[in-house]
Amino acid sequence: MTWAEPSSTATALLLLGRGTDPDAEKGVECPGDLPAPSDPDLVERARAAKAALGERVFVLGHHYQRDEVIQFADVTGDSFKLAREAAARPGAQYIVFCGVHFMAESADILTSDAQQVVLPDLAAGCSMADMAVLSQVEKAWERFAAIGITSDVVPVTYMNSSADIKGFVGRNEGVVCTSSNAETALRWSYEQGSKVFFLPDQHLGRNTAVLKLGFELSDCVLYDPHKPDGGLTDEQLRAAKMILWRGHCSVHGRFTLDAVQDVRDRVPGVNVLVHPECRHEVVTAADHVGSTEYIIRMIENAPAGSAWAVGTELNLVRRLALAHPDKQITFLERNVCYCSTMNRIDLPHLVWALEELVAGRVPNQITVERDTAHYARVALDRMLALP
């Protein structure tokens, strides 16, 4: 099966990280000379810099990264796997994280003080993580306290959240979860209290509660920090089993029920495989639902000749299609759907970061304040202790 690239859109270059939006971005300039994308020596420069650093550097590549970056990763995986891999390499002085900001924060929390975590482009953030700001979350918690429910509420945050939010959860006896262990984390949480405050991805929280724990949609309420009192009455908060934060993934939130129906019409016998960050109606219409690692295993183990429409980030879907030409693999949406901030880390940024390290300068180091790191680690350790 030949991979067919989804059609481009007017925003494709921005999604690819080849344009800028000065009104929305924190800044994309490097404090130095960024190599030109057209430089024919970029691959060789990356190889030379990595070789010069030797075992002092450990490069992590998230599954959603571009192929031009992935080729230089010492290990690939999802965010938590990569952070743990970094912690398992205490001899590596520099951890170059080709991912997004919250992932680099997690790596800094889990690695030793002697290790330095570098993010090749500080503009590589996560829109979902940015949807939960500590001051907003603390205001919501104060509201819960005012109506007397905090003793019943266990905060749970998805790994895709800032260190500040992980720290908040750790301080308040909560736990971190991944898309792989969300069910286990929620079952543990309901043994501690009668309600869960789920941050920041409403879709993962709702899908897990309804499809894995057997809740009704009516058991879940949506707290919107941009509305007075979160848009919820005291009675709604007291009755709810799951209080969802109004956040979502900008990539997975794009997949629609129409796209599922369209691909079923176009591809006979297609298997629809999606990530649990997708909307509830998309997840319930799919044939298979699971984490990024689950999606990869499902495609690897699928029989030759089978047809798959995959609802996750396009770089990964393309990579899977090219790695498995004996299977018909297509992107669930017809249009481009890159993770725009993840794509900020391209080969020029990686080369720049590695060459800066060779020159004895540590660029874009990500550090988490000590108290925040402590409580974030508490929440992460609670997750690691889950059965």
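In this convention, every chain numbers its residues from 1, walking through the sequence in written order. Local features in this predicted model are restricted to residues of pLDDT 70 or higher, and side-chain atom pairs are both shown and tallied only at a pLDDT of 80 or more, whereas totals for entire chains, interfaces and linings draw on every residue. Excluding hydrogens and water, the side-chain values take into account all heavy atoms of the structure.

1. Comments concerning the overall build of the chain
The number of helices and strands found in the chain is 17 helices and 13 strands. Atoms considered for the radius of gyration are the C-alpha atoms alone. The globule rule reads 2.2 Å times the number of residues to the power 0.38. Taken over the C-alpha trace, the chain has a radius of gyration of 21 Å; the compact-globule value for 387 residues is 21 Å, and the two agree within 12%. Taking all 387 residues of the chain together, the buried fraction comes to 58%. In this description, contact between two residues means that some pair of their heavy atoms is separated by no more than 4.5 Å. Here the analysis covers contacts within the chain between residues at least 6 apart in sequence; of these, 68% occur between residues at least 24 apart. Helix and strand definitions follow DSSP, with helices as H or I runs of at least four residues and strands as E runs of at least two, each counted in order from the N terminus. Three labels apply to residues, based on accessible area from a 1.4 Å probe with only protein chains included: buried if under 20% of the type maximum, exposed if over 50%, partly exposed otherwise in between.

2. Description of helix 2 (residues 42-53)
Expected span of a helix, by definition, is 1.5 Å for each gap between consecutive residues, and there is one gap fewer than residues. Between its first and last C-alpha, helix 2 extends 17 Å over 12 residues, near the 16 Å set by a 1.5 Å rise per residue. By the burial criterion, the buried members of helix 2 are Leu 42, Ala 46, Ala 49 and Leu 53. Taken around the axis of helix 2, the buried residues stretch over an arc of 70°, which confines them to a single face. Residues of helix 2 that are buried make contact with strand 1 (57-62), strand 3 (94-98) and helix 16 (347-358). Trailing helix 2 by a residue or two, Gly 54 shows a phi angle of about 60°, which is positive. Note: the arc covers the axis-to-C-beta directions of the helix.

3. Considerations on the side chain of Thr 111
Note on placement: Thr 111 falls in the loop between helix 5 (101-110) and strand 4 (116-118). A distance of 2.7 Å separates a polar side-chain atom of Thr 111 from the backbone oxygen of Ala 107. At a separation of 3.5 Å, a polar atom in the side chain of Thr 111 contacts the main-chain carbonyl oxygen of Asp 108. In this structure Thr 111 touches Ala 86, Ala 87 and Val 117, once residues within four positions along its chain are discounted. Polar contacts, as counted here, are pairs of nitrogen or oxygen atoms within 3.5 Å of one another; within protein the pair requires one atom able to donate a hydrogen and one able to accept it, and residues that are adjacent in sequence qualify only if both atoms are side-chain atoms.

4. Thoughts on the environment of Cys 339
Relative to the helices and strands, Cys 339 is located in the loop between strand 13 (328-331) and helix 16. Judged by its relative accessible area of 14%, Cys 339 is buried. Put simply, Cys 339 and Tyr 64 are 275 residues apart on the chain and 7.4 Å apart in space, counted from C-alpha to C-alpha.

5. Examining the nonpolar core
Ranked by size, the top nonpolar core spans 129 residues in total, and within it Val 96, Phe 144, Phe 197, Phe 198, Met 242, Ile 243 and Leu 332 carry the most contacts. Here this core gets seven residues from one element, more than from any other, and that element is helix 16. Setting aside anything within four residues of it in sequence, one finds Phe 197 in contact with Val 137, Ala 140, Trp 141, Phe 144, Val 153, Val 154, Pro 155, Val 156, Ile 243 and Trp 245. Nonpolar cores were defined as sets of buried Ala, Val, Leu, Ile, Met, Phe, Trp, Tyr and Cys residues, with membership established by side-chain atoms within 4.5 Å.

6. Digging into the packing of aromatic side chains
Each aromatic pair joins two rings of Phe, Tyr and Trp (for Trp, the six-membered one) with centres within 6.5 Å, and gets the label stacked for planes under 30 degrees apart, edge-to-face for over 60, and tilted for any other angle. As enumerated under the stated definition, the model contains nine aromatic pairs in all. Here Tyr 190 and Phe 215 contribute two aromatic rings whose centre-to-centre distance is 5.3 Å and whose plane-to-plane angle is 70°, an arrangement assigned as edge-to-face. Of this pair, Tyr 190 sits in helix 9 (residues 182-192) while Phe 215 is found in the loop between helix 10 (202-211) and strand 8 (220-223), placing the two residues 25 residues apart along the sequence. Here Tyr 190 matches Phe 215 in class, with each residue buried. Through pairs of rings, three or more aromatic residues link up here, namely Trp 141, Phe 144, Phe 168, Phe 197, Tyr 223 and Trp 245.

7. As for the confidence of the model for the chain
Here the chain shows a mean pLDDT of 91. Residues at 70 or above account for 91%. The quantity known as pLDDT measures the predictor's confidence residue by residue, on a range of 0 to 100. Scored below 50 in pLDDT, residues 7-30 shows 41 contacts in the model against residues more than four places distant or in partner chains.

8. Details of the pairing of strand 9 (residues 242-245)
By the alternation rule, side chains of strand 9 split into Met 242 and Leu 244 and Ile 243 and Trp 245, which are all buried. Two strands pair under a simple rule: DSSP has to find at least two bridges between them. Taken together, the three bridges between strand 7 (residues 195-199) and strand 9 define a ladder with parallel strand orientation. Bridge pairing in strand 9 places Phe 198 opposite Leu 244. Examined bridge by bridge, strand 8 and strand 9 share four bridges and lie parallel to one another. Note that in strand 9 the partner of Val 221 across the bridge is Ile 243.

9. Describing a negative patch on the surface
On the surface, a cluster of negative charge is made up of Glu 138, Glu 142, Asp 164 and Glu 369. Here Glu 142 is to be found in helix 7 (residues 134-146). Surface patches are defined over residues having more than 30% relative accessible area and no salt bridge, joining like charges when they lie within 9 Å and nonpolar side chains (Val, Leu, Ile, Met, Phe, Trp, Tyr) when within 5 Å. Only the protein chains shown count as cover for residues, and all accessible areas are computed by the Shrake-Rupley method using a 1.4 Å probe. Salt bridge, as used here, is a side-chain nitrogen of Lys or Arg placed within 4 Å of a carboxyl oxygen of Asp or Glu. Within this scheme the basic residues Lys and Arg register as positive and the acidic residues Asp and Glu register as negative, but His and the chain ends are omitted. A charged residue contributes its charge at one atom only: NZ of Lys, CZ of Arg, CG of Asp or CD of Glu.

10. Structural notes on the state of the cysteines
Note that a disulfide, as used here, is simply two cysteine sulfur atoms within 2.5 Å. With the rule as written, the count across this model stands at zero disulfides. Left without a disulfide partner, Cys 249 is nearest to the cysteine sulfur of Cys 339, which lies 6.6 Å away.

11. Comments concerning the sheet that holds strand 4
Pairing is parallel across the open sheet formed by four strands, whose spatial order is 2-1-3-4. The two strands at the open ends of the sheet, each matched to only one other strand, are strand 2 (75-77) and strand 4. Across the sheet, the mean angle from the axis of one strand to that of its neighbour is 25°, orientation sign disregarded. Pairing of strand 3 with strand 4, which is carried by three bridges, proceeds in the parallel orientation. Across the sheet, the residue bridging to Val 96 is Val 118, located in strand 4. Sheet strands touched by helix 16: strand 1, strand 3 and strand 4. Its angle to strand 3, the strand with the most contacts, is close to 175°. A fitted line through C-alpha atoms represents every axis, and for helices the fit uses only the stretch in contact; the resulting angles, taken between N-to-C directions, go from 0 to 180 degrees.

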